[in-house]
Structures are given as C-alpha cells and as structure tokens.
Amino acid sequence: MLHSDPVSPRSLGADIRALRKSRGMTLTDLAAALGRSVGWLSQVERDKSDPSITDLRAIAQALGVPMSLLFAHASAPADEQGYIVRAGARRPMGSGEEGLIEELLSPDLTDDFEVVHSTFQPGSKLPTPTLRPTQELGYMLAGKLDLTIGGRRFTVTQGDSFRIRNELHEWANPYDEPAIAIWVIAPPVY
C-alpha cells in the first residue's frame, strides 16, 4: 500500500530512515548492505515504493532490528496516526524467546527517543550483557528486576526508576511474578 504523504512521520519509510540515521548509515551504506540501488532505497524511505517481505527481512537484518518491528506497522485510524497508540495496536518487538516481551509505545521511530513497554517473565534473564550507544531511563510499573549496570548490581521494584548511559548492562527476573517496566531510549534502537 503506497502512502499519499511522502513525508509522513508515521510511515514505514520514515521509521526505516530514522533507524538508518540513528546508526550513522547513509543511504549509500544501507543500499550497499542490501545489494539495492540508492534510488530504490530512497523511494522506500519516501513511501514511493513498497518493500517485499524479503526486502523487509534484509532491511531489519542490516539495521539490527527484529523484522516484526517493520512488518507489524499497524495502521491506526487516520486522525490518530502519529499521535495515539491504542493498547491493542502496539507493535511487538523481538521474539520473546529470552522471556522479554516488548511493545513500542511510541507512534513511530521518528523522534529523538522511543518509549517501550517491557514485560520480563519470571525466571528470565538476558543471556549476555549488552552495550548500546544510548541513554535509557526505565520506570518499574510492577514486580522486581535485578540489574547490573556498569558492573554495579541493583534490584528495582514498583515505582523505582533507573538510568543506563552507554554502559554494559544486563537484567534478570529470578522472581515468581512478571516485572513490567516502561523504557525511554535515545536514540531509537528498535
């Protein structure tokens, strides 16, 4: 489906452009990684051309995001697009294999940050520590979560908040109930 507004901030093309720029990639860089022309990629980013599922898979891989984030670009009613994300229309992120279920709360990825709803299942743990070139703030809505940030260990509970600044971090929920957090991440990484 082609969009009539080529600069729509709520479009799949705009999200691809925002993700590409947040990774410091030029159109030429991403086009080369995809084995496609710069012109084709430019048209995709401007919603003048629709990528195939194979293209979406390659774009997601080149940008280091789960394909579900690009593929599940749910459409909201026209008057709500870019403004409202209904609870039942959140875009899922990732596979949930690690016991982490994430949904995008932001209407799109064109802001300087993204907001994510994260549910950490009981007994789940990040398999390896992660380092991202981001600033992140988390707020605990429910449950308890064990965090290691820059080598320091913490346990956060409902009402607590935490910050991660481009630091090696990991999480674990060894507890019997889900831990639920809202994350603000800048720049967008998903």
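Please refer to the structure placed before this passage.
Keep in mind it's a predicted model, so treat the numbers as computed, not measured.

**Concerning the packing of helix α2 (residues 27-34) against helix α3 (residues 38-45)**
Thinking step 1. At a minimum axis distance of 9 Å, the contact between α2 and α3 shows a crossing angle of 110°. In this view, α2 runs roughly perpendicular relative to α3, as classed from their interaxial angle. Between α2 and α3, the residues in contact are L27, T28, L30, A31 and L34 and V38, W40, L41, S42 and E45, respectively.
Thinking step 2. For the contact of α2 with α3, a count of residues per class yields 7 nonpolar, 2 polar and 1 charged.

**Structural notes on helix α1 (residues 12-22)**
Thinking step 1. For α1, the complete set of buried residues consists of L12, G13, A14, D15, I16, L19 and R20.
Thinking step 2. Once α1 finishes, G24 follows within two positions and takes phi at roughly 70°, a positive value.

**Re unusual backbone geometry**
Thinking step 1. The residue after A186, namely P187, is reached through a cis peptide bond having omega -10°.
Thinking step 2. Positionally, P187 belongs in the segment after β10 (179-186).
Thinking step 3. Positive phi values are uncommon outside glycine, yet D47 reaches one of about 60°.
Thinking step 4. Mapped onto the secondary structure, D47 falls in the loop between α3 and α4 (53-63).

**Some words on the sheet that holds strand β4 (residues 124-125)**
Thinking step 1. One open sheet accounts for 4 strands, arranged β4-β9-β6-β7; its pairing is antiparallel. Each having just a single partner strand, β4 and β7 (152-157) make up the two edges of the open sheet.
Thinking step 2. As defined by bridge partners, strand β6 (residues 144-149) adjoins β7 across 6 bridges and the pair is classed as antiparallel. Following the sheet pairing, T148 is matched in β7 by R153.

**Digging into the side chain of D108**
Thinking step 1. Of note, D108 is situated in the loop between β2 (100-104) and β3 (114-120).
Thinking step 2. A polar contact is formed between the side chain of D108 and the side chain of T110, at a distance of 2.6 Å.

**Digging into the environment of L19**
Thinking step 1. Topologically, L19 is positioned in helix α1.
Thinking step 2. A residue is classified by how much of its surface remains accessible, and L19, at 0% relative accessible area, is buried.
Thinking step 3. Here the alpha-carbon distance between L19 and I101, two residues 82 residues apart in the chain, equals 21 Å.
Thinking step 4. Dropping the residues within four chain positions of it, L19 is found in contact with L63, V65, L69, L70, L109, P188, V189 and Y190.

**What to know about the pattern of salt bridges**
Thinking step 1. Considering all chains together, one arrives at 6 salt bridges under this definition.
Thinking step 2. As a salt-bridge pair, R90 and E103 come within 2.9 Å of each other at their nearest N and O atoms. With a gap of 13 residues between them, R90 in the loop between α5 (67-71) and β1 (91-93) and E103 in strand β2 connect regions that are remote in the sequence.
Thinking step 3. Residue R90 is classed as partly exposed on the basis of its relative accessible area, which comes to 26%.
Thinking step 4. As a salt-bridge pair, R132 and E136 come within 2.8 Å of each other at their nearest N and O atoms. Each member of the pair, R132 together with E136, is buried.
Thinking step 5. Shared partners join several salt bridges into a network, and the residues in it are R17, R20 and E45.

Each value, and the rule that gives it
- Residues numbered from 1 in each chain as written.
- Predicted model: local features only at pLDDT ≥ 70, side-chain atom pairs only at ≥ 80, totals over all residues.
- Heavy atoms only, no water.
- Axes fitted to C-alpha atoms, helices over the stretch in contact; angles between N-to-C directions.
- Helix = DSSP H or I, 4+ residues; strand = E, 2+ residues; numbered from the N terminus.
- Parallel < 35°, antiparallel > 145°, perpendicular 65-115°, else oblique.
- Contact = heavy atoms within 4.5 Å.
- Nonpolar A, V, L, I, M, F, W, Y, C, P; charged D, E, K, R; others polar.
- Buried < 20%, exposed > 50% of the residue type's maximum accessible area, 1.4 Å probe, protein only.
- Pairing = 2+ DSSP bridges.
- Polar contact = N/O pair within 3.5 Å; in protein donor to acceptor, adjacent residues only side chain to side chain.
- Salt bridge = Lys/Arg side-chain N within 4 Å of Asp/Glu carboxyl O.

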